[in-house]
There are 2 protein chains.
Amino acid sequence: MKYGYFNDSDREYVITRPDTPYPWINYLGNEDFFSLMSNTSGGYCFYRDARMLRLTRYRYNNVPTDAGGRYFYINDGGTVWTPGWMPVKTKLDSYECRHGMGYTKINSSLNGLTFRQTSFVPLGYPCEVHRIKLKNTTHIKKSFKMFSFVEFCLWNAWDDQTNFQRNFSIGEVEVIGSTIYHKTEYRERRNHYAVFHVNAPVDGFDTDRESFMGLYNGFDRPDAVFEGKARNSVASGWAPVGSHMINVELEAGEEKSFIFVLGYCENPGDEKWEAQDVINKAPAKRLIEAFSTDEQVDKALASLHDYWEKLLSTYSVKSADEKLDRMVNTWNQYQCMVTFNMSRSASYFESGIGRGMGFRDSTQDLLGFVHLIPERARERIYDIAATQMEDGSAYHQYQPLTKKGNSDIGSGFNDDPLWLIFGVAAYIKETGDKSILDDTVPFDNDEAKAAPMMEHLKRSFDHVTNNLGPHGLPLIGHADWNDCLNLNCFSETPGESFQTASNRETGDVAESVFIAGMFVSVAPDYIAMCEMKGLTAEAESAKRAAEEMYNAVMTAGWDGEWFLRAYDAFGNKVGSHECEEGQIFIEPQGFCVMGGIGVKEGYAEKALNSVKERLDTKYGIVLNNPPYTKYHVELGEISSYPPG
Amino acid sequence: MKYGYFNDSDREYVITRPDTPYPWINYLGNEDFFSLMSNTSGGYCFYRDARMLRLTRYRYNNVPTDAGGRYFYINDGGTVWTPGWMPVKTKLDSYECRHGMGYTKINSSLNGLTFRQTSFVPLGYPCEVHRIKLKNTTHIKKSFKMFSFVEFCLWNAWDDQTNFQRNFSIGEVEVIGSTIYHKTEYRERRNHYAVFHVNAPVDGFDTDRESFMGLYNGFDRPDAVFEGKARNSVASGWAPVGSHMINVELEAGEEKSFIFVLGYCENPGDEKWEAQDVINKAPAKRLIEAFSTDEQVDKALASLHDYWEKLLSTYSVKSADEKLDRMVNTWNQYQCMVTFNMSRSASYFESGIGRGMGFRDSTQDLLGFVHLIPERARERIYDIAATQMEDGSAYHQYQPLTKKGNSDIGSGFNDDPLWLIFGVAAYIKETGDKSILDDTVPFDNDEAKAAPMMEHLKRSFDHVTNNLGPHGLPLIGHADWNDCLNLNCFSETPGESFQTASNRETGDVAESVFIAGMFVSVAPDYIAMCEMKGLTAEAESAKRAAEEMYNAVMTAGWDGEWFLRAYDAFGNKVGSHECEEGQIFIEPQGFCVMGGIGVKEGYAEKALNSVKERLDTKYGIVLNNPPYTKYHVELGEISSYPPG
């Protein structure tokens with residue numbers, strides 16, 4: 001079954017039938033505002049933090065799938081359809097979805113009416129823009145109705161899906177002309193609201209979900225749409241939504257354009273009100289005025305295009321392999337920018353509620369985008385380093401809004417600290433800017449504990465040498481790159497996170513060959529940076545440490561045909577031919593070889609051949625984070641692992 | 001619009017059309033197993049704890065509403081219908097739903113096929129039973145297909161709706177004949193699984209949701225049902241469901257019965273397996289064998305009927321007012337039993353995730369059921385008292401499984417302690433059993449801090465006198481009965497709970513006239529219990545304290561026409577004619593009058609008249625926990641507030 005193709009010249013993936021095996025999504029977004037958008041119009045958007053400031057409601061794991069999005073319903077003489085096929089699922093005369101760089105287009109048609117939607121998050125504005133072009137391709141005049149529809153989330157996505165006693169009572173909106181304001185809790189503790197606007201007069205609106213849909217109807221059968229009659233409902237509690245109804249008339253061959261803006265508006269605490277009980281609409285006005293004409297939209301799209309072309313021009317490859325070129329030149333870099341922005345905190349499988357930014361994730365992702373946006377990479381390194389502990393260890397994750405380490409998710413993942421060295425080294429290699437080593441950065445977000453970045457790197461490096469196990473290999477701590485390799489702990493309590501479960505009585509003794517490989521790999525960079533800073537003694541000591549680690553791997557980390565994965569808390573080998581299951585792990589082979597371990601001894605080649613052999617026969621391989629099952633495909637996530 | 005009527009002789013509420021303004025639900029359950037079931041077949045079930053051990057998935061605030069339940073689809077020659085109308089919404093020839101004491105019946109018919117469903121949680125078994133009787137009322141033979149359907153929750157309802165990265169990979173089922181086992185995580189850390197069985201041979205089954213439904217279909221359009229063809233899918237990850245397909249043939253006038261059992265099965269940790277990798281099916285077998293014949297079901301229903309008749313025979317009233325009799329004799333007591341079991345932790349508005357059992361809620365509910373089940377009321381009092389702090393204060397809530405106080409929900413609700421005195425007094429008044437006062441009960445769940453119940457009551461009583469404010473009235477602490485009256489604190493942080501927000505710099509100085517009224521109300525009971533235990537000095541001192549409180553209310557708690565509500569942290573009156581808004585609160589009028597305050601002085605009558613006047617004109621009244629808006633009607637929740 002073919003669902004689409006790559007359009008390399010426009011850097012697009014073109015989906016040609018809507019019923020893909022799973023919704024295929026694009027990530028739209030700039031620095032602050034992000035939108036997930038599927039090929040069938042599903043998804044949601046948020047400002048900065050997918051948990052705390054979510055604009056629209058989205059229901060994960062729903063029936064049908066992918067419920068909620070930005071819907072545009074057409075009622076054309078009683079035939080109701082949605083251009084993304086879902087949710088109404090009327091059979092369309094034509095359909096395509098184009099996921100491009102920072103935009104998604106949905107183009108479809110039915111009964112002589114073509115619908116062309118371009119959705120994007122413009123640079124510099126906290127909003128998404130949906131431009132709809134409607135064209136009558138028949139020879140007679142067409143009159144029909146278009147209904148927009150979004151469902152507002154009450155900001156905190158976790159609270160939104162649990163605290164109904166409160167939430168059903170607090171919803172508040174305001175409708176003025178073609179502008180719908182979602183202002184729940186603005187009177188109380190929030191200084192932000194959402195705005196949903198269309199640049200045309202409306203013939204009706206709805207803001208109360210039940211009035212629009214009917215209590216017992218799905219998104220596929222909203223009463224207002226099927227009856228062709230907006231209710232002009234003003235939500236008070238329950239579920240606030242935003243829907244504009246527009247009666248459209250198109251002469252034969254005529255085309256009309258409508259621009260919808262859905263945005264986040266924030267005011268300073270002391271400028272919340274224009275007058276008593278009148279919300280300050282200035283930020284909404286700014287968005288509305290910025291996208292009120294096709295020219296403005298065209299210009300914003302051109303800027304977006306230029307932005308991506310410039311970014312992607314930094315680095316490109318031309319090889320004999322079109323697939324390699326496509327991935328390297330476009331999609332892999334695009335994905336790296338997505339992970340820069342979101343660090344996996346929100347996707348179609350991450351609900352945006354449970355996790356923040358990973359210390360390791362964010363640093364390794366950085367290796368993929370440092371050449372694109374070095375200044376912002378530097379800021380990111382600073383944020384990450386500021387969550388490091390004084391002993392060199394790290395919180396495993398931190399919250400994007402507070403930038404504080406999150407102990408709920410655990411710590412003690414002993415590969416984490418080394419990633420910081422990789423990140424800083426990559427920054428210097430890319431930019432030549434060594435001043436980053438002098439940046440003063442807090443430990444544990446405490447300014448009183450600030451120290452130069454070079455000192456952070458030293459703590460990272462020393463954290464490994466200070467935590468060696470019985471074989472002279474690095475202690476794995478709670479786990480390493482393979483988050484599930486929790487060798488020191490086990491939990492028998494349902495629901496207890498392995499990431500935070502306490503260690504066995506044997507203590508923290510398990511060792512990681514993977515971290516050893518990382519250590520040897522990063523040592524030359526670390527030594528070079530020490531030398532840059534004139535830390536000769538430290539450089540010498542690091543050289544010795546790297547040599548010792550090299551030898552420890554050669555002695556205790558080699559299994560005869562490949563590198564071991566680890567030693568568990570009982571001293572048993574993990575990833576050995578002696579094991580009943582999981583005899584070989586790909587991870588240490590990669591990193592040990594990248595560190596040059598066993599190259600001259602011929603071990604490296606042997607190890608890689610062992611991997612290749614098993615990849616070829618697909619036998620016995622334990623991949624880290626294997627793709628779960630059949631449909632775990634998100635366009636934006638292609639090639640996200642590993643960065644090396 | 002009329003949606004139904006009370007059938008007093010059978011103690012049922014009969015719903016005569018399915019599209020009620022909101023789903024109208026019944027609570028089925030015994031001590032351990034609970035089911036919420038709506039008139040359109042929606043709802044879910046859990047074992048003991050709605051968050052930790054949820055058997056079936058339910059989506060709150062969904063579109064359409066009430067998505068998920070125990071569905072029975074009929075495909076009768078291509079016409080597909082569901083007897084509860086939802087989710088397929090085919091127009092039925094007849095429909096009724098009967099919510100009775102511990103059971104719900106749904107009876108409907110279409111095209112000469114009648115469907116009669118009786119659903120209940122049998123006494124003594126951790127399961128729900130659904131008996132389906134199908135009858136051909138035509139004069140020709142009928143052949144059709146019936147599909148059962150439930151969707152399994154992966155036990156932890158919170159994790160189930162957020163942790164998709166993991167959850168989509170772990171689902172596991174087993175199908176043997178007509179029995180579907182949902183055994184996700186059983187191999188790992190759980191010693192429990194769910195079973196879904198029908199007492200008849202099946203002609204197919206499904207356990208993978210997508211195979212059954214189709215990815216883009218709602219519950220209203222499952223592919224398997226509409227095509228009349230089960231997929232015999234075996235879930236591995238993604239969304240495990242349970243569906244039996246049965247080809248039914250009915251001669252003219254013939255009726256057949258099918259018994260479905262959906263249950264919770266737990267094994268001791270060392271008896272999880274019958275053999276290597278074969279789960280111990282003994283607990284499932286026990287359920288299946290207990291409900292394999294109509295006779296067994298009839299007997300279980302009779303037992304359930306007897307159980308309720310016996311319970312409800314304890315106390316009844318016959319008045320000239322049929323509505324009063326109905327509420328007092330049946331529904332209010334039924335509701336009290338529901339709150340005994342769940343203490344509001346799960347409903348159609350409480351997601352069963354966010355809260356445990358309330359200290360106050362559980363004690364005040366007890367006043368409503370102590371006459372029904374005094375032994376269990378005594379256990380409940382014990383549980384509650386064991387969460388009390390040594391200074392007499394209380395955690396505001398505790399978790400039903402651990403019975404430990406939950407500090408996440410806050411403490412310092414200064415009416416909480418007094419409820420314990422009401423509860424114990426009610427128990428003694430009902431049973432005459434004074435030995436409860438000698439029960440040794442821990443403070444803060446610490447056996448080392450155990451003390452007699454009488455000492456707990458003293459700490460409760462003294463907690464008020466030890467915490468008096470500037471006017472000699474009780475400090476309100478974080479709030480009182482009105483949880484939202486957070487007079488000492490304010491939060492400007494979105495999402496921060498007012499229940500746990502810290503106090504203003506002015507400190508904890510706000511006072512509650514409501515608690516004063518409670519104190520004076522409960523004092524006679526407390527004094528009587530002191531005297532029972534020979535605590536003469538304590539009794540005398542309590543008398544003086546009550547008199548002083550009486551006087552404090554008369555002096556500082558009277559507003560001229562009614563009782564004040566409180567003084568806030570700045571010493572301002574709350575609930576006074578001087579206030580711009582909220583001039584009168586009903587709560588202190590009730591409790592002060594129940595305490596006899598101002599009766600002889602004529603204040604009590606004046607206060608109640610002030611209330612009545614405003615209730616009559618519906619002006620200016622601030623009700624505690626007002627019914628939110630139009631549709632907050634749950635059959636089981638009628639009259640849950642207040643207990644007095």
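The rules behind the values
Residues numbered from 1 in each chain as written. Chains lettered and ligands numbered in written order. Predicted model: local features only at pLDDT ≥ 70, side-chain atom pairs only at ≥ 80, totals over all residues. Heavy atoms only, no water. Helix = DSSP H or I, 4+ residues; strand = E, 2+ residues; numbered from the N terminus. Rg over C-alpha atoms; globule rule 2.2 N^0.38 Å. Buried < 20%, exposed > 50% of the residue type's maximum accessible area, 1.4 Å probe, protein only. Contact = heavy atoms within 4.5 Å. Areas by Shrake-Rupley, 256 points an atom, 1.4 Å probe, with all protein chains shown as cover. Lys, Arg positive; Asp, Glu negative; His and termini not counted. Charge placed at Lys NZ, Arg CZ, Asp CG, Glu CD. Pairing = 2+ DSSP bridges. Axes fitted to C-alpha atoms, helices over the stretch in contact; angles between N-to-C directions. Least-squares fit on C-alpha atoms with pLDDT ≥ 70 in both. Buried area = accessible area lost by both parts, 1.4 Å probe. Salt bridge = Lys/Arg side-chain N within 4 Å of Asp/Glu carboxyl O. Polar contact = N/O pair within 3.5 Å; in protein donor to acceptor, adjacent residues only side chain to side chain. Core = buried A, V, L, I, M, F, W, Y, C linked by side-chain atoms within 4.5 Å. Phe/Tyr/Trp six-rings, centres within 6.5 Å; stacked < 30°, edge-to-face > 60°. Lys NZ or Arg CZ within 6 Å of the ring centre and 35° of its normal.

**Student:** Explain the overall build of chain A to me, please; I cannot follow it from the model alone.
**Tutor:** Scanning chain A from terminus to terminus reveals 15 helices and 30 strands. By the compact-globule yardstick of 26 Å for 644 residues, chain A fits well, its C-alpha radius of gyration being 27 Å. Dimensions along the principal axes, computed over C-alpha positions, put chain A at roughly 80 × 55 × 50 Å. Counting across all 644 residues of chain A, residues that qualify as buried make up 60%. Here the analysis covers contacts within chain A between residues at least 6 apart in sequence; of these, 67% occur between residues at least 24 apart. When the accessible surface of chain A is split by element, carbon and sulfur atoms take 49% of a total near 24,300 Å². Across chain A, 64 positive and 90 negative side-chain charges occur, with their mean positions spaced 5 Å apart.

**Student:** Can you help me understand the sheet that holds strand S15 (residues 179–182) of chain B in this one?
**Tutor:** Remark on secondary structure: sheet strands pair via backbone hydrogen bonds, oriented parallel or antiparallel. All names here are of chain B. With respect to topology, 10 strands assemble into an open sheet ordered S1-S2-S9-S10-S11-S12-S19-S16-S15-S14, the strand pairing being antiparallel. With partners counted over all chains shown, the strands left at the sheet margins are strand S1 (4–7) and strand S14 (173–176), one partner each. Adjacent strand axes in the sheet meet at a mean angle of 15° when their direction is disregarded. Pairing analysis gives 4 bridges linking S1 to strand S2 (residues 12–15), with the strands arranged antiparallel. Considered in S2, the bridge of phenylalanine 6 is made with tyrosine 13. Sitting on the sheet, helix H7 (residues 322–342) touches S1, S2 and strand S9 (94–99), and the angle it makes with S1 is about 85°.

**Student:** Help me understand the relation of the copies chain B and chain A in this model?
**Tutor:** What connects the two chain copies is a rotation about an axis and a shift along it. Mapping chain B onto chain A calls for a screw motion: a turn of 180° about the axis and a shift of 0.1 Å along it, with 0.1 Å RMSD after fitting. Both chain copies can therefore be described as sitting about a two-fold axis. Considering only C-alpha atoms, the residue of chain B closest to the rotation axis is B:Gly218, which sits at 4.0 Å. A symmetric contact is evident, with 100% of the interface residues of chain B recurring at the interface of chain A.

**Student:** Please explain the interface of chain B and chain A as it appears in this structure.
**Tutor:** Many structure descriptions define interface size as the accessible area lost when the parts assemble. Each side of the interface is counted separately: chain B has 54 residues, and chain A has 55 residues. Carbon and sulfur atoms make up 54% of the area that chain B and chain A hide from each other, which totals about 5,200 Å². Per-residue buried area on chain B facing chain A is highest for B:Asn61, B:Arg189 and B:Tyr216; these three make up 19% of the total on that side. Along the contact surface separating chain B from chain A lie 0 salt bridges. Counting across the interface, chain B meets chain A through 23 residue pairs in polar contact (both at pLDDT 80 or more). Elements supplying a minimum of two residues to the side of chain B that touches chain A: helix H2 (164–167) and helix H3 (209–213) of chain B. For the side of chain B that touches chain A, the element with the highest residue contribution is H3(B), accounting for 3 residues.

**Student:** How should I be thinking about the pairing of strand S5 (residues 43–47) of chain A in this particular structure?
**Tutor:** Along any regular strand, the residues point their side chains to alternate faces of the sheet. Residue and element names in this part refer to chain A. Extensive coverage of S5 is indicated by the burial of 5 of its 5 residues. What you see with S5 is no split at all: Gly43, Cys45 and Tyr47 on one side and Tyr44 and Phe46 on the other are buried throughout. Two elements, strand S4 (residues 33–38) and S5, share 5 bridges in a ladder whose sense is antiparallel. When the sheet's bridge partners are listed, methionine 37 is paired in S5 with glycine 43. Count of turn residues in the S4/S5 antiparallel hairpin: 4 residues, of which serine 41 carries a positive phi of about 75°.

**Student:** I would appreciate a short explanation of the nonpolar core in the present structure.
**Tutor:** Soluble, globular proteins show a tendency: their nonpolar side chains are buried together. If you look at the biggest cluster of nonpolar residues, it comprises 164 residues, and the most contacted ones within it are B:Leu134, B:Met146 and B:Phe258. No other element matches helix H12 (residues 513–532) of chain B, which puts 13 residues into this core. In this structure B:Phe258 touches B:His130, B:Arg131, B:Ile132, B:Leu134, B:Met146, B:Val198, B:Asn199, B:Ala200, B:Ile246 and B:Val248, once residues within four positions along its chain are discounted. Counting 161 residues, the second-largest nonpolar core is a separate cluster that includes A:Tyr47, A:Val121, A:Val198 and B:Leu215.

**Student:** Help me out: how do you make sense of the packing of aromatic side chains in this one?
**Tutor:** Two aromatic rings, taken as a pair, are described by how far apart their centres are and by the angle between their planes. Here the structure, examined in full by the defined rule, presents 97 aromatic pairs over all chains. For the ring pair A:Phe164 and B:Tyr60, a centre distance of 5.2 Å and an interplane angle of 10° mean the geometry is stacked. With A:Phe164 in helix H2 (residues 164–167) and B:Tyr60 in the loop between strand S6 (54–56) and strand S7 (71–76), the pair connects residues from two separate chains. Take B:Tyr60: its relative accessible area is 13%, and that puts it in the buried class. Measuring from ring centre to ring centre gives 4.8 Å for A:Trp558 and A:Phe563, while their planes differ by 75°; the resulting arrangement is edge-to-face. This pair shows no difference in class: A:Trp558 is buried, exactly as A:Phe563 is. One aromatic cluster is present, formed by A:Tyr22, A:Phe34, A:Tyr44, A:Phe46, A:Tyr58, A:Tyr60, A:Tyr348, A:Phe349, B:Phe164, B:Phe168 and B:Trp238 through successive ring pairs. Against the face of A:Tyr186 rests A:Lys272, its NZ or CZ located 4.8 Å from the ring centre. The ring of B:Tyr181 has B:Lys281 sitting right over it, with the charged end atom 5.2 Å from the ring centre.

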